[in-house]
Amino acid sequence: MKYVKYSVAVLLVSFGLLFLCFQVYRAGYKRFYAFEHHRLEELINGNKYHDVLYLGSSRSYFHINPQAVDSITGLKSFNGGIEGGNILESNLILQCYLASHKVPKMVVIDVAAPSLNINTAPGFRPIFNPNRYYPFLDNPYVFNALKPYKNVYMLKYLPFTQITEADDVMKQATVMGNIGKESFGREVKTYEGYREWSNDTLNLPFKKAHLVTNFALEEEGVTLLKQTIELCKSKGIKVVLTYAPVYKLQDETMNPEFFPTLNKIAASYNIPFWNYRASKIGDYHKLFTDEMHLNNRGSLIYSLMLGHDIHNYIQGLAKQGNYDSSLLSLFDVYDNPNKEVLTSL
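Here is a short report on the structure shown in this document. If you're wondering where the values come from, they're calculated on a predicted model, not measured in any experiment.

Conventions and cut-offs
- Residues numbered from 1 in each chain as written.
- Predicted model: local features only at pLDDT ≥ 70, side-chain atom pairs only at ≥ 80, totals over all residues.
- Heavy atoms only, no water.
- Helix = DSSP H or I, 4+ residues; strand = E, 2+ residues; numbered from the N terminus.
- Rg over C-alpha atoms; globule rule 2.2 N^0.38 Å.
- Buried < 20%, exposed > 50% of the residue type's maximum accessible area, 1.4 Å probe, protein only.
- 1 Å grid on protein atoms, 1.4 Å probe; cavity = no way out; pocket = protein on both sides within 12 Å on 5 of 7 lines; lining within 4 Å.
- Points joined across faces, edges and corners; volume = space filled by probe spheres on them.
- Nonpolar A, V, L, I, M, F, W, Y, C, P; charged D, E, K, R; others polar.
- Pairing = 2+ DSSP bridges.
- Axes fitted to C-alpha atoms, helices over the stretch in contact; angles between N-to-C directions.
- Phe/Tyr/Trp six-rings, centres within 6.5 Å; stacked < 30°, edge-to-face > 60°.
- Contact = heavy atoms within 4.5 Å.
- Core = buried A, V, L, I, M, F, W, Y, C linked by side-chain atoms within 4.5 Å.
- Salt bridge = Lys/Arg side-chain N within 4 Å of Asp/Glu carboxyl O.
- Left-handed = near helix turned anticlockwise from the far one by under 90°.

A few words on the overall build of the protein. Each helix and strand in the protein was counted, giving 13 helices and 9 strands. For the protein, whose C-alpha radius of gyration is 22 Å, the value lies close to the compact-globule estimate of 20 Å for 345 residues. In terms of overall dimensions, the protein has a C-alpha envelope of 85 × 45 × 40 Å along the principal axes. Burial status across the protein gives 52% buried among its 345 residues.

The subject of this paragraph is unusual backbone geometry. Following Leu 204, the chain continues into Pro 205 via a peptide bond in cis, with omega recorded as 5°. Of note, Glu 192 is a non-glycine position whose phi angle comes to about 45°, a positive value. In this fold, Glu 192 is placed in the loop between β4 (190–191) and β5 (194–195). The class for Glu 192 is partly exposed, based on a relative accessible area of 22%.

Moving on: the layout of surface pockets. The space that makes up the largest pocket amounts to roughly 630 Å³. For the largest pocket, the lining is made up of 26 residues, of which Tyr 33, Glu 83, Phe 128, Asn 129 and Arg 132 are closest to its centre. Broken down by element, the residue count for the lining of the largest pocket peaks at 4 residues, all from helix α2 (residues 34–45). Along the lines of polarity and charge, the residues of the lining of the largest pocket split into 13 nonpolar, 4 polar and 9 charged.

Within the open sheet, the 5 strands sit side by side as β2-β1-β3-β6-β7. Their pairing is parallel. In this open sheet, the two edge strands, each paired with only one partner strand, are β2 (77–79) and β7 (273–275). The average angle at which neighbouring strand axes cross in this sheet is 20°, direction not considered. Inspection of the sheet shows strand β1 (residues 52–55) paired to β2 by 3 bridges, in the parallel sense.

Turning to the packing of aromatic side chains, a few remarks are in order. Counted according to the given criterion, the structure contains 17 aromatic pairs. Aromatic pair Phe 32 and Tyr 33: ring centres 5.0 Å apart, planes at 90°, arrangement edge-to-face. Looking at Phe 32, the relative accessible area reads 14%, which means it is buried. With 5.1 Å between their ring centres and 85° between their planes, Tyr 276 and Tyr 302 make a pair best called edge-to-face.

Before going further, it helps to spend a moment on the packing of α2 against helix α5 (residues 87–100). Contact geometry for α2 and α5: axes closest at 6 Å, N-to-C directions at 65°. Residues Leu 40, Leu 43, Ile 44 and Asn 45 of α2 touch α5, and the partners they reach there are Ile 93, Cys 96, Tyr 97 and Ser 100. Looking at side-chain class alone, the contact of α2 with α5 contains 6 nonpolar, 2 polar and no charged residues.

Ranked by internal contacts, the top residues of the largest apolar core, which has 54 residues, are Tyr 133, Val 142, Leu 146, Leu 225 and Leu 241. Sorting elements by how many residues they give to this core places α5 first, with 8 residues. Residues in contact with Leu 225, not counting those within four places in the same chain, are Ile 87, Val 111, Leu 116, Leu 241, Leu 262 and Ile 265.

Right, let's get into the pairing of β1. Here β1 shows no split at all, with Val 52 and Tyr 54 on one side and Leu 53 and Leu 55 on the other all buried. Judged from the 4 bridges that link them, β1 and strand β3 (residues 106–110) form a sheet pairing that is parallel. In the strand pairing of β3, Leu 53 is matched with Val 107.

All chains considered together, the criterion is met by 6 salt bridges. Note that Glu 182 and Arg 31 form a salt bridge whose closest N and O atoms lie 3.8 Å from each other. Placement of the pair is Glu 182 in the loop between α8 (168–178) and β4 and Arg 31 in helix α1 (residues 2–32), with a sequence separation of 151 residues. Arg 31 gets classed as partly exposed once you look at its relative accessible area, which sits at 40%. In this structure, the salt-bridge partner of Glu 192 is Lys 48, at a minimum N-O distance of 2.7 Å. Of this pair, Glu 192 sits in the loop between β4 and β5 while Lys 48 sits in the loop between α2 and β1, and the two are 144 residues apart along the sequence.

Right, let's get into the environment of Val 24. Locating Val 24 in the fold gives a position in helix α1. Looking at Val 24, the relative accessible area reads 43%, which means it is partly exposed. Taking C-alpha positions, Val 24 is 41 Å from Tyr 243, a pair spaced 219 residues apart along the chain.

The subject of this paragraph is the packing of helix α4 (residues 66–73) against helix α11 (residues 296–314). Running from N to C, α4 and α11 cross one another at 35°; their axes reach a closest spacing of 8 Å. With respect to the hand of their crossing, α4 and α11 are arranged in right-handed fashion. Residues Ala 68, Val 69, Ser 71, Ile 72 and Thr 73 of α4 lie in contact with α11, whose contacting residues are Leu 300, Ser 303, Leu 304, Gly 307, His 308, Ile 310 and His 311.

Put into structure tokens, the structure is as follows:
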């Protein structure tokens, strides 16, 4: 009996220490990734109203500045793009958002090359970074989305096991968070889910950063895109599909069925597909940080372009506007673009 009591005491102390370690770990994580965590908190559990919600990968997260878009449309929008995310994560974010928020007027879904490749995309996973969702396992949509890929019961009810899921980068981030550091400095501007990414420009001669662009189109990914559109339409939400700009068409080795598939899906649901792939913005290396991602200047211009298109679409003009020449010409004239001038176009 003595040994039983001793074993129980050791077990309780061990669990207590593990929970204490987890609290320190979680506090450091939330401090270091404060912006990222708070935007997910808004998307998953928040209730603030937005007219427009943007979904997608880093090509939404770092590309769409709601402040610039809203200056054109007069609406309120939120950037719900997820770095490394595919259509599975976009669908998850949309379900969470609609469960806690008033229905928006419009959802803009950017479909990147890997978006419909859920299970076999090189360098990606079905859930790119599951760790960021662990604080939200109480949400049934998050729990069920992660359930096929993770032992969510253990991660939820024995939360200290989440530490075993963290890689070295994340562990270092939690340490930095506990000494008061954050993932980016205060000089980085943020607004309604968007954060500036980089002022860097492409170095010439050009060298590719993303060597793989020919991703498979999986049936699961196509089905999830259709389900996402259908969920929006069932709520009376306008849906727009987009493909963000790329530098000098450096995605030329894409799956040849990618764009025909998106065009077919858009046509079948009678929704627009705005393809910015060949936009003139792609001719300017100073607007990109790599061939697939705009820098801060490029994201400003793209956001203003998108704002014009959203405004025209809401006004009943479904065709994309003829605006990018005038917008880009200002970057030939001004070394530092003037937002007030740009938004007056």
